[in-house]
Structures are given as structure tokens and as C-alpha cells.
Amino acid sequence: MGKEHGMMTDHEDYDDLPTHSCVSAGHVQSKFQPRSQSQPQPAQSPILYSRSHPTSRTLVRRVVAALVIVMLAGSAVLLGCLSAYAWYRRALADCVEWGTTYRLIDAHVEALADQADELAARDAAESRTANSETRETQRLRTVVAEASKQRRQADAAVHAITDIRVSCAAKQSPVALHEHVEAFRDASNRLRPEIGRILGALEPVAARVLEHDLQAKAAAVNRIRAVMPGMRALYRDTPGLRDAGTGRELRDALTQAASAADNPDSTYRTLADAEHTLFAKADEFTRARNTQRGIDCGRMACVALTFDDGPRADITRRVVQSLRDKGDRATFFAVGGAIDDATIPVLRDDTRYGMPVGSHTMSHMDLPTIMQAGTERQEFDEASARISEATGRPVNLLRPPHGAADEESRRYLADHLGVGIALYDVDSYDWAAGASARSVQWKVTAQTRPGSIILMHDIHEHTATALPHILDALHAKGFRTVTIDELTGQYPRPGYVYYSRDNIVPW
């Protein structure tokens, strides 16, 4: 075959020769007829030479054209690979996000149903008419029964697609990951409204049954007192708000809530109403502040940068300086055990430059492990107190180490500390072995979308090095970086879990 191919090539070369040359045909020697040694060599015709062989200019053009084609093809392949990789990274992140979202919502619906059953049973036991139930209690039982039905259907739908324990393992096909994402998202969206329905049916029954229950009233008082310092700081740290009416309403709500909490004769309903009003006015104030700052994340492409595991004096300073240089803000989550004389000034600078500092526990321990060990006060309470002392601002958000949270830890944080839980939908993987400034930049820009909360760590050199480039890339895509409460447009809710602007798990 090689020989035949060679012959074909020879014929192709030969066919390139002109048959209408100004040189006589007798002077064109066939390559298949050897020339005699004694035969005189014909003179080389300039015209024949120029037409038989490409000039140097033609060769250059062909080489350049070939290089351009190769470069374009290589660029297309590279872009295709990058797009495929971005799709995979996004699918893996979505799978983790929605898998944990489904588990948290499912556990909370179950807990609320149990709470409702206990309250309905208590209402029936305390009813003056034997075997009688109020219409409100009957409605509560109906709502709980429907929620339990939805839980069973959601569980069956998820397990028909995937084993929930291993569904988001790495190195899976993006197609398989997307199937898991859809199953988890559908199940989450099926159950999410059930939380609101149960709470709506639960409130009137609780207001009547728990009206003078000392334990229930004490819990409500504690929740109000836990959130008031943060709301006062919100009001105090936003001087000169143009919407003066919103400011007055928040101030009045704070005064009324404090009065209700301090009054031993307050009923459970009074306390619940004061708590509801307090959050409503804090939300209005937050949105008014956003408007004054030119922030509307319902219309703009906003993202929230977050940094964990600090403070580390040198790295955190570089991170904060990069943010300031670009006109950006972020939310930091400090480890209580990392706060010392060297890092306290860094945390104070964070808050002075408008960057909130939340808690990352005292020793970077998983939340379920903390609850099992019974070390809530050391890991949660003491860490928040130490951070507040360093920053001069109350803590209203906590970032769970390794993203691990459960129903029990959510309940403690909501009832005792009044803090929300900040998770994320974009992981920079700056913590992974072999991470570099380039890999961090690529993963962040590849996965980020409007409303994202982005996880990074202000303890790594490569993160500090990558940050200016990440900010430039985000700006080039039209993103504006904001804090978490600016992103959501609401004051952080105790017990709520924030993955992104569009995925908030209610409590």
C-alpha cells in the first residue's frame, strides 16, 4: 500500500507540471523514462521553474494558514474541554447543595410534624369537652397528615433515582450528576412549602395552648433577646438613612420587643407577635439600606464572597486590602480559637470596612459532632462572644465547618444564639491538596452564577494571590460582590440555612 501511495503522490506531483509551457514538449523528460548519461541536460527555464515549484512567499502563506488552522482547532478543543469541565464542576456542586438541602428540609418537616402532633395531643387533653377538638386543631392534623404524605412521596422519588448516600461522589458522569440534582431539587421543592403550611396551622394552636406556658414563654423571650443586639447594630451602623420612616419603625419595633421580653405578664402570643414584627422591620430596613447603596440583587447579578478559617494576620490583611482596592465587600467567618492579640486588629478592620464577621465555631468542629459531644456552649456561645468582643459587632451568622449541619444544631443556634447558618453553592477548592492561584481562579469563575455564595479561605497564600484576578473576572462578567444580608435582602433568620439567594432553607 505504501508503494501505491507513493506512486499516487508521484503522479500528483507530475500533474502539477504545466502542459502548456513555453518550453517545447521534447524538453520535458518523463520521470518514468530514465535519461541517458550522454544525453545533454536541457537548460532550466525560468518560466517552467516558477510554475513548477511554489515560491517562498507561497510557502510562507501555506505555513501561516496551517498554523492558524491548528491554533483555531486547538482553541476550539480547549474551549470545549473548559466548558465540559465547568459543566462537571457545576453539576457536582449542585448535587452536593441540593442533596444536603433535601436532607435538611426532610428532617425539619419531620420535626415540625412531631411538634404539631404533640401540641394537638396536648390541646385535646386539656380541652374542657371530652373528645372534642377545635377547628384549628383539626386543620393542624390535616396539614400534618398531608406533609407526611409528601415526605413519603419525595423519599420514594429520590430513591428511585439514586442512593442518597453516594449520589454526589466525584468522577461521575455530569449526566448522572444532573439526574441526581433534579431528583433532589424536585424533592426539596415538594417539601419546602410544607414547612410554611405546618407553621401557619401551628401558630394559632400554639398561641392558645401555650398562652401562659412558662417554658414556652421563656424560649420566646430568649429568641427575642438573642437577635436584638444584631438589629440594634444594624440600626446604629446605618446613620443617615434617607428612608427615615423605615428607621423609626425598626427603632419602635426594638423598643416594643424589649418591653414584651421584660414584661413577665406577656403572653406567648404577645411575644410571638413582637418577634414577627421585629424581623419584618429589620428586613425593611435592610432593603432600604441596600437601595441607598445602589444594591438590588433582584435585578443585579450579585454574588457573596465568603472567607473561612481565619483570621490569619498576614493573609487576611492581603485579602481585605484586595477587596478594598476593587471596591468590593465580603463576609468572613472566624474560628474563635484563632483570635489573639495579633488578629484582633484585623477583625476590627474587617468590620470598619463594612465586612461582617460571623462564627466558624471555636475549634473548627463539625456541628453534629459538637451536639453529640455536648460542647455547644464552648464551640458556639464562647466563639460568638470572642468574635463579638474582637469586632465590636454581634454575630448573626455561623458557617458550619465542612458544610455539616443537622436538625439538632439548627435548633440550638436558632433558639439560643439567634443566628442563621451560611452555607454556599460555589466551592473554590482552595483547601484541596495541589490547589494553586490559577486553579482557585478557574473554579470560582467557572461555577459562579447570579446569587451565588462563594466559599474561600483567608489562610492560604494562593487564595490571596488569586483574589484580585477573581474580582476582575467577576466584574468582567457583570457581577457585583456584596455581603450575605445584602445578597438576600433580609436580616439573617435564626436557624435558616443560606446556600444562595435562590436557595434558602426555612426554619
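What counts and how
Residues numbered from 1 in each chain as written. Predicted model: local features only at pLDDT ≥ 70, side-chain atom pairs only at ≥ 80, totals over all residues. Heavy atoms only, no water. Helix = DSSP H or I, 4+ residues; strand = E, 2+ residues; numbered from the N terminus. Areas by Shrake-Rupley, 256 points an atom, 1.4 Å probe, with all protein chains shown as cover. Buried < 20%, exposed > 50% of the residue type's maximum accessible area, 1.4 Å probe, protein only. Pairing = 2+ DSSP bridges. Right-handed = clockwise from strand over helix to strand, strands pointing away. Disulfide = S-S within 2.5 Å. Phe/Tyr/Trp six-rings, centres within 6.5 Å; stacked < 30°, edge-to-face > 60°. Salt bridge = Lys/Arg side-chain N within 4 Å of Asp/Glu carboxyl O.

Chemist: Requested: an account of the overall build of the protein, with residues and values cited.
Modeler: If you tally the helices and strands in the protein, you get 16 helices and 10 strands. Working note: accessible area of the protein is about 25,900 Å², and carbon and sulfur atoms make up 53% of it.

Chemist: With reference to specific residues and values, describe the pairing of strand β2 (residues 331-334).
Modeler: The alternating pattern of β2 places Thr 331 and Phe 333 on one face and Phe 332 and Ala 334 on the opposite face, and all of these are buried. Both strand β1 (residues 302-310) and β2 contribute to a ladder of 4 bridges, which runs parallel. Looking across to β2, one finds that Gly 310 is bridged to Ala 334. The parallel pair β1 and β2 is bridged by helix α9 (residues 313-326), and the resulting crossover is right-handed. Relative to strand β3 (residues 357-359), β2 is paired through 3 bridges, and the arrangement is parallel. When the bridges of β3 are listed, Ala 334 appears paired with Ser 359.

Chemist: Give a description of the environment of Leu 214 that names residues and reports values.
Modeler: Of note, Leu 214 is situated in helix α6 (residues 214-236). Assessed through its relative accessible area of 66%, Leu 214 is described here as exposed. Counting along the chain gives 53 residues from Leu 214 to Thr 267, while the straight-line C-alpha distance between them is 9.3 Å.

Chemist: Tell me about the pairing of strand β9 (residues 497-500), and please be specific about residues and values.
Modeler: Taken together, the 2 bridges between strand β5 (residues 420-422) and β9 define a ladder with parallel strand orientation. Residue pairing across strands places Ile 421 opposite Val 497, the latter belonging to β9. What sits between β9 and strand β10 (residues 503-505) in their antiparallel hairpin is a turn of 2 residues.

Chemist: Would you mind going over the state of the cysteines in detail, with residue names and values included?
Modeler: Under the defined criterion, the tally for this structure stands at 2 disulfides. Bridging Cys 297 to Cys 302, the disulfide has an S-S length of 2.3 Å. Taking the sign of the S-S torsion, about -90° here, the bridge from Cys 297 to Cys 302 comes out left-handed. Here the protein pairs its bonded cysteines, counted in sequence order, in the arrangement 1-2, 3-4.

Chemist: Give me the lowdown on the packing of aromatic side chains, citing residues and values where you can.
Modeler: The geometry of an aromatic ring pair is captured by the separation of the ring centres together with the interplanar angle, meaning the angle of the planes. All chains considered together, the criterion is met by 7 aromatic pairs. For the pair Phe 307 and Phe 332, a centre-to-centre distance of 5.3 Å together with 20° between the ring planes defines the contact as stacked. Placement of Phe 307 in strand β1 and of Phe 332 in strand β2 is noted, with a sequence separation of 25 residues between them. Comparing Phe 307 with Phe 332, the two get one shared label, buried.

Chemist: Could you give an account of the pattern of salt bridges, with specific residues and numbers?
Modeler: Summed over the entire model, instances satisfying the criterion amount to 29 salt bridges. As a salt-bridge pair, Glu 486 and Arg 293 come within 2.5 Å of each other at their nearest N and O atoms. On the criterion of sequence distance, the pair formed by Glu 486 in helix α16 (residues 484-488) and Arg 293 in the loop between α8 (268-292) and β1 is long-range, its members being 193 residues apart. Look at Glu 486 and you get buried, because its relative accessible area is 1%.

Remember that the coordinates give geometry; whether it matters functionally is a separate question.
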